[in-house]
Amino acid sequence: MASISSVRGFKDILPGETPRWHHVEERARKVFSSFGVNEIRIPILEKTELFKRGIGEATDIVEKEMYTFLDRGGEYLTLRPEATASVIRAYLEHHLYAEEPLSKLYTIGPMFRRERPQKGRFRQFHQINVEFLGQDDPRIDSELIFMLIHLLHTVGLTDLSLEINSLGCPECRPAFRKVLTSFLEDKANTLCEDCRRRLSANPLRIFDCKQKGCQEAITEAPCILDHICDECGRHFKEVQKNLNLLNTSFTINRKMVRGLDYYTRTAFEVTTNALGAQNAVTGGGRYDGLTKLLGGPDIPGIGFAIGVERLISLIPEEEAATLHPDVFLAALGSEARDFCYRLSNTLRLAGLKTEMDFSDKSLKSQMKRAHKLGCRFTLIIGEKEMKEKKAQLRNMEGGEQREISLASFSDLAACFKRLIQSPS
RNA sequence: GUGGGUGUAGCUCAGUUGGUAAGAGUGCCGGGUUGUGGCCCCGGAGGUCGAGGGUUCGAAUCCCUUCACUCACCCCA
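Residues numbered from 1 in each chain as written. Chains lettered and ligands numbered in written order. Predicted model: local features only at pLDDT ≥ 70, side-chain atom pairs only at ≥ 80, totals over all residues. Heavy atoms only, no water.

Trainee: Before we move on, can you summarise the overall build of chain A with the specific residues and values?
Mentor: Scanning chain A from terminus to terminus reveals 15 helices and 16 strands. Against the globule reference of 22 Å for 424 residues, chain A gives a C-alpha radius of gyration of 29 Å, more extended than a compact globule. Projected onto its principal axes, the C-alpha positions of chain A cover 95 × 60 × 45 Å. Taking the intrachain contacts of chain A between residues at least 6 apart in sequence as the baseline, contacts between residues at least 24 apart amount to 69%. The distance from the centre of the 60 positive side-chain charges to the centre of the 58 negative ones in chain A is 4 Å. (Helix = DSSP H or I, 4+ residues; strand = E, 2+ residues; numbered from the N terminus. Rg over C-alpha atoms; globule rule 2.2 N^0.38 Å. Contact = heavy atoms within 4.5 Å. Lys, Arg positive; Asp, Glu negative; His and termini not counted. Charge placed at Lys NZ, Arg CZ, Asp CG, Glu CD.)

As structure tokens, then:
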């Protein structure tokens, strides 16, 4: 029988990697609690309609990357390709906007997009999502970005660059779009095939294209920053002022546009050069029209998504500590093994990380095992020790060994706790 | 969806113009110490050379097909 492998683009997170995941998630939760951001847990499956409306019918995600299927009830369901639409859905469905003027929410979990996998891109990947809903004060934007940068520093990242831009609003973007389209139409023959298609579908996206001809066409193209309305311009200036106030350095990337339809005004991205072609660790922006689009009242919002796999691949090795057992019990003879079997599980109840070997192996091989596991102490109990109610306690770091009395289990647990806490 | 690269031991890889080369290192198990880890030495287990077909007296090696992995494009976290 051929063995079954995992689904393409779906990765196992192995025991050697989970400490890094814990590290990231724990730090994130701690930072969020300082900033008053509360966790919300949302389903992985939603009605397909939610993403079609929320993300945009014409986006690549909706057009060709969603895992969608027909449920037995005759309804189309989709494995979520992103979290924001779901969070907004929950926010509206449970009327959270009626409870507080500002809801600060985070969620951590898997997303699904059926893309071709490559470095830093998977079909199931994980995101840390944060959404601030209820207000459009530019101080909200800057605080969210400030928190994001703080979080990235906290998990150990350096050498990041923050880029921001403003994408305008429904008042000013359509006008800019016309200006841009008419400018690019003259250069259509220098654009790549994809961008010629974008010309009518979503001309802003041409800014993202890496093709030479398109890049050249874009360098002289009008910038959205020069065409946003006064209100958007003031908002963007305030965001910058506040970032400076919070000592958060940034660069303005006049060509940054984001791929999802719902973004308005502030857009931002954090990139690194250590990730290959998929260099965005995190990205986000304001989406003031989204709640209305999803059938709710008109409530402004802003959020970001961190790619956890990409983030973890950037964490320095030493940040992810591995867990070594405190003590290994090496038993010789069946009587000693029974004794150690009871003792090991008693010590564990007392909170000591304890290991032993059940097979009838030589002391030498048990010692090797203890060493391999990185145990700090080994307690050696053989037939002789059982008779004399004593045991050999060996410190695996220095190798010194002494005899201790096999008193009650609780005494032993207390003894080990003292030893473990003492500096080596 | 499109292109490039790679598939040999658990892992990292070597295999000379097709001709006793199925190999190394590492890891695993055991021994050198009848009850003591690390360093060293010795031994052992482990592979239908991704799969299928073809050429040939003979294929890990050449050809075709297929699958997987990987990188890049598209797009995004």
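That covers the picture; the talk isn't over yet.
Trainee: Explain the packing of helix α1 (residues 18-34) against helix α5 (residues 138-154) to me, using residue names and the numbers behind them.
Mentor: Axis separation between α1 and α5 bottoms out at 10 Å; the angle between their running directions is 145°. α1 and α5 meet at a crossing whose hand is right-handed. For the pair formed by α1 and α5, the contact residues are Arg27, Ala28, Val31 and Phe32 on the first element and Met147, His150, Leu151 and Thr154 on the second. (Axes fitted to C-alpha atoms, helices over the stretch in contact; angles between N-to-C directions. Left-handed = near helix turned anticlockwise from the far one by under 90°.)

Trainee: Account for the nonpolar core, with residues named and values stated.
Mentor: Counting 94 residues, the largest nonpolar core has Phe32, Val130, Phe132, Met147 and Phe268 as the members making the most contacts within it. Sort the elements by how many residues they give to this core and α5 lands first, with eight residues. Within the second largest apolar cluster, 25 residues are counted, among which are Ala331, Ala336, Leu343 and Phe409. (Core = buried A, V, L, I, M, F, W, Y, C linked by side-chain atoms within 4.5 Å. Buried < 20%, exposed > 50% of the residue type's maximum accessible area, 1.4 Å probe, protein only.)

Trainee: Give a detailed account of the sheet that holds strand β9 (residues 264-271), specifying residues and quantitative values.
Mentor: If you walk across this open sheet you meet the eight strands as β1-β5-β6-β11-β10-β9-β7-β8, and the pairing is mixed. The two strands at the open ends of the sheet, each matched to only one other strand, are β1 (38-39) and β8 (251-252). The pairing of strand β6 (residues 124-133) with strand β11 (residues 301-307) spans seven bridges and is classified as antiparallel. Paired with isoleucine 128 across the strands is isoleucine 306, a residue of β11. Lying over the sheet, helix α4 (residues 84-93) contacts β5 (103-112) and β6, oriented at roughly 45° with respect to β6. (Pairing = 2+ DSSP bridges.)

Trainee: Tell me about the packing of helix α6 (residues 173-185) against helix α7 (residues 193-201), residues and numbers included.
Mentor: With their axes 10 Å apart at the nearest point, α6 and α7 run at an angle of 145° to one another. Seen from above, α6 lies across α7 with left-handed handedness. The segment α6 lies against α7, with Arg177, Thr181, Leu184 and Glu185 engaging Leu199, Ser200 and Ala201. For the contact of α6 with α7, the class distribution of residues is three nonpolar, two polar and two charged. (Nonpolar A, V, L, I, M, F, W, Y, C, P; charged D, E, K, R; others polar.)

Trainee: Any chance you could break down the pattern of salt bridges for me, citing the residues and the numbers?
Mentor: Opposite charge on two side chains makes pairing possible when the charged atoms of those side chains draw close. For the coordinates displayed, the defined rule picks out 19 salt bridges. Ionic pairing is found between lysine 241 and glutamate 238, a salt bridge with its closest N-O pair at 3.6 Å. Note that lysine 241 and glutamate 238 are positioned in helix α9 (residues 230-245) at a spacing of three residues, about one turn of the helix. Notably, a salt bridge pairs glutamate 403 with lysine 390, separated by 3.8 Å at the nearest N-O pair. One end of the pair, glutamate 403, is in strand β16 (residues 401-405); the other, lysine 390, is in strand β15 (residues 390-395), and 13 residues separate them in sequence. The exposure class of glutamate 403 is partly exposed, given its relative accessible area of 45%. Linked through salt bridges whose partners overlap, the residues forming this network are Arg29, Glu39 and Arg41. (Salt bridge = Lys/Arg side-chain N within 4 Å of Asp/Glu carboxyl O.)

Trainee: Kindly report on the domain arrangement of chain A, identifying the contributing residues and their values.
Mentor: Partitioning chain A into structural domains gives domain 1 (18-172 + 228-318) and domain 2 (327-417). Put simply, the middle of domain 1 and the middle of domain 2, counted by C-alpha atoms, are 51 Å apart. (Domains from an automatic or database assignment.)

Trainee: Summarise the protein's contact with RNA strand B; cite the residues concerned and give the values.
Mentor: Taken together, the neighbourhood of RNA strand B is formed by 48 residues, with Arg113, Arg121, Arg198, Gly259 and Met396 sitting nearest. The sugar-phosphate backbone supplies 52% of the atoms of RNA strand B found within 4 Å of the protein. At a separation of 3.0 Å, a sugar or linking oxygen of RNA strand B approaches a polar side-chain atom of glutamine 127. Between glutamine 401 and RNA strand B, the recorded distance is 3.0 Å, taken from a side-chain N or O atom to a base nitrogen. Where the surface near RNA strand B is concerned, the elements lending two or more residues are β6, α7, β10 (280-286), β11, α13 (363-373) and α14 (383-388). The element contributing the most residues to the surface near RNA strand B is α13, with seven residues. Among the residues forming the surface near RNA strand B, the class breakdown is 12 nonpolar, 13 polar and 23 charged. (Near = heavy atom within 4 Å. Polar contact = N/O pair within 3.5 Å; in protein donor to acceptor, adjacent residues only side chain to side chain.)

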